[in-house]
Every structure is written in C-alpha cells, then in structure tokens.
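Take a look at the letters that make up each chain.
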Amino acid sequence: MMKMSFEVTAKKLFGVKYERLIRTLFLELVVFWGLHISGFRVEIAPFILYLMAGAFSAGVMWQAISSDDNRANMENMLMLPFEGRTLVFSYVAALGAYTLLTKTAGLLAVVWAVGRWNRAEILGSILCALAAIVIAACLYPLRLGRMDAYAFYVRPANRRRTVKACRRHSVRRYLFRYLMAHKNYLVNTAAMWGVACALPVLLGQMEARFVLPIGFAILSLNTPICILLSCDPALERGVRFLPGQGSAFCVPYCLFIFGSNLAADIVFLCSWQLQIGGLGPLHTLTAAAFALLSAVGSILLEWYCPIRGWKIESDLWHHPRKYAVPAVMLLLAGLAGIF
C-alpha cells in the first residue's frame, strides 16, 4: 500500500518512467561540473550554506504541499481505502524526494561547485535540507488544525476563469482576487521588498550610477506575478480564444507587473537614500524605466512563450525562464551604468 501510494505521487512528479527525474539530475550534474572546472570560487560560510539549504528546501516543500495541482491527485487517493499514517508518509516522502532531488539539488550543485567544502559540511547541508522538508511537512497540517491525511487535501482556489472585456476593471479584479486566494504570492512580494531594503547594505560601496540599475534588475525577479497565464491554462485559453482579449488582458496585466516592480524599486531607492543618500530625479526615472521594461518583457514571454508541461506550481516558480528578463535587465544595467 505504501509503495503504491508513493508511486502514484512520484510518477506524477517525475514521469511514468521517472524520465523527468533522470533528465533533471543529469542537468544538475552538468551544471556542477561546468562550474567546478571553470575555476570560479566564492567564499561562503558554512552557516550560510546550511541556511540556504534549509530555507530553500522548506519553501519549496511548502509550495509543493499547498499546490492546487496536487488536489486532484490527493482527492483520488482519499477516495480509496487507506491507512492514515501510510498515506501521509508516502505522500510526504514523494514530495520530499521531489523537493530534494529536483530543486534543492540544483541549488546545492551551484554552491558546492563554487565553494570549498569538506565532507562534513556537504553532509550537513543535506541534513539541513532534509530537516527543513520534514519540518515543513509537520507544520503544514497545523494550519488546518488537524493531523490526519485530510489535512493535506487542498481545496481548489476560487478563481475566475473568464475575463469579460465589456466590464471595466475586470482584469484588475481578477488579479486582486487571485492574489487574495494565493497568499504565498504576497509573501514572495514582501520578501522582494526585504531584499530591496538589504541591497544598499550589500552594494553601497559602489557608485550609485552602476549599482542602482543592477538593483532594479535584481528586483525584477518576482516570478509568481509573471506566470499567471502559465499557471492557469483555462484562463490562457479563454484569453486567446475570445477576440480582442489579448490587449484587454495583457495591458492591465502589464500595468499590474509594472506597479509591483516599481513598488520594489521605490523601496530600494528609499532604503538607499536613508542609508547612503545622494539620489536625484534621474534615479527615479531610471527605476520607472526598468520597471516598465521588465514588465513588458515578462508579458511578452507569457504571451509568446508560456510554460507548459509542468506538474505542480513549484515547477513554474523555479523554471529557468524566470532568469530571462532579469538577465536582459542586467545587460541594460551595464549599459546604463556606462552611459
């Protein structure tokens, strides 16, 4: 029973013959070996290694457990006769394996390749990741006040599946309701504001004309709000099917991303002014320009290159496409710093 329950979830995440897992592990090995032989090294304290492994693993595990896309799979298993502890253990084990092998392993491959670690520190980072996965799995049922298999059943969020062009501000209402139904998106946005407050401390020793555009590029890495079409295929089909819905949806959506990016940039500028000072109107205009360009780039990617074939929402959050817009923004930041 435990093996069957594990395989039901594992094959959904890794593929019927675990082909997605094999492909992911191969890519992680390539990344590790490529960075290792490049000779690039960074001094990282063991505490930071453990903190990264633990915090990242806990976040991914929480996303995996709370994902709406696991609802149907869990619902089907709950309809069959099951033993509570067996189902919970197998379900958590499958999600934990997904978190560790496909997400945390990618982070550790990069960190291990660019750092100098001994065996004890490598083992410690793995144990921190495993501990974080277990803690997240134990804490999740408590938010529902129960400790059985039904605590892992996530009810579908109340989403609006259509966008009516005849109603004013309907897209804005949809985006607002979507964020209210997915509080983790708001948490991610708040985390970006925290990064914006910390950037002046990390980059304050360099000239503002070089550092500020780099900060604006980093703050464009707010993945969740840039994947709303990819994560809701029904909405995407509705937007593409109805005439005139492309501009009716994309323009408000672009303004929404622009406002989110600009808010993070303003927090960054305020933090810089309070800690270092010396900002002027040109820096504010630069922030607005970077926020707008990154919003337009995100919309173009969602419209022309939506992410498909994903299994759970965490795949969207950590898809390599998330780095495309920030990478372009970093190139523009270099040009802005020069000219």
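Rules behind the numbers
- Residues numbered from 1 in each chain as written.
- Predicted model: local features only at pLDDT ≥ 70, side-chain atom pairs only at ≥ 80, totals over all residues.
- Heavy atoms only, no water.
- Helix = DSSP H or I, 4+ residues; strand = E, 2+ residues; numbered from the N terminus.
- Buried < 20%, exposed > 50% of the residue type's maximum accessible area, 1.4 Å probe, protein only.
- Contact = heavy atoms within 4.5 Å.
- Areas by Shrake-Rupley, 256 points an atom, 1.4 Å probe, with all protein chains shown as cover.
- pLDDT = per-residue confidence, 0-100.
- Phe/Tyr/Trp six-rings, centres within 6.5 Å; stacked < 30°, edge-to-face > 60°.
- Lys NZ or Arg CZ within 6 Å of the ring centre and 35° of its normal.
- Axes fitted to C-alpha atoms, helices over the stretch in contact; angles between N-to-C directions.
- Parallel < 35°, antiparallel > 145°, perpendicular 65-115°, else oblique.
- Left-handed = near helix turned anticlockwise from the far one by under 90°.
- Nonpolar A, V, L, I, M, F, W, Y, C, P; charged D, E, K, R; others polar.
- Salt bridge = Lys/Arg side-chain N within 4 Å of Asp/Glu carboxyl O.

**Q** Looking at this model, I keep getting lost on the overall build of the protein chain. Mind explaining?
**A** When its secondary structure is counted, the protein chain shows 14 helices and zero strands. Here the protein chain holds 339 residues, and 42% of them are scored as buried. Excluding contacts between residues fewer than 6 apart, the proportion of contacts in the protein chain whose partners are at least 24 apart in sequence is 83%. Element-wise, carbon and sulfur atoms account for 70% of the exposed surface of the protein chain, whose accessible area totals about 17,800 Å².

**Q** Even after reading the chapter, I still don't get the confidence of the model for the protein chain, so can you show me in this structure?
**A** Predicted coordinates in regions of low pLDDT should not be interpreted in detail. Across the protein chain, the average pLDDT comes to 80, with 86% of residues at 70 or higher. When pLDDT is averaged over each element of the protein chain, helix α6 (residues 119-139) comes out on top at 92 and helix α4 (residues 71-78) at the bottom at 63.

**Q** Would you explain the packing of aromatic side chains in this entry?
**A** In this description, a pair of aromatic rings is defined by centroid distance and the angle of the planes. Applying the stated criterion to the full structure yields six aromatic pairs. Ring plane angle 40 degrees and centroid distance 6.5 Å describe the contact between Phe14 and Tyr98, whose orientation is recorded as tilted. One end of the pair, Phe14, is in helix α1 (residues 2-14); the other, Tyr98, is in helix α5 (residues 84-114), with 84 residues separating them in the sequence. The burial state of Phe14 is the same as that of Tyr98; both residues are buried. Measuring from centroid to centroid gives 5.9 Å for Phe216 and Phe290, while their planes differ by 50 degrees, and the two rings are tilted. Of the two residues, Phe216 is situated in helix α9 (residues 208-218) and Phe290 in helix α12 (residues 281-304); the sequence distance between them amounts to 74 residues. Residue classification places Phe216 among the buried residues on the basis of a relative accessible area of 2%. Site record: aromatic cluster; members linked through ring pairs are Phe216, Phe268, Trp272 and Phe290. One cation-aromatic arrangement involves Arg240 over Trp303; the distance from NZ or CZ to the ring centre is 4.4 Å.

**Q** Before we go on, may I ask you to explain the packing of helix α11 (residues 245-275) against α12 in this structure?
**A** Think of two packed helices as two axes; the pair is described by the angle between the axes and how far apart they sit. Running from amino to carboxyl end, α11 crosses α12 at an angle of 140 degrees, the nearest separation of the two axes being 8 Å. Overall, the two elements α11 and α12 adopt an arrangement that is oblique. Regarding α11 and α12, the two cross each other, and that crossing is right-handed. Two secondary-structure elements touch here, α11 through Gly246, Cys250, Tyr253, Cys254, Ile257, Phe258, Asn261, Leu262, Asp265 and Leu269 and α12 through His283, Thr284, Ala287, Ala288, Ala291, Leu292, Ser294, Ala295, Val296, Ser298, Ile299 and Trp303. For the contact of α11 with α12, the class distribution of residues is 15 nonpolar, six polar and one charged.

**Q** Could you clarify how one ought to interpret the pattern of salt bridges in this entry?
**A** Taken as a whole, this structure holds four salt bridges when the rule is applied. As a salt-bridge pair, Glu43 and Arg116 come within 3.2 Å of each other at their nearest N and O atoms. You can see Glu43 sitting in the loop between α2 (19-38) and α3 (46-66) and its partner Arg116 sitting in the loop between α5 and α6, a full 73 residues away along the chain. Each of the two residues, Glu43 as well as Arg116, counts as exposed. Residue Arg308 is joined to Glu236 by a salt bridge in which the shortest nitrogen-to-oxygen separation is 2.6 Å.

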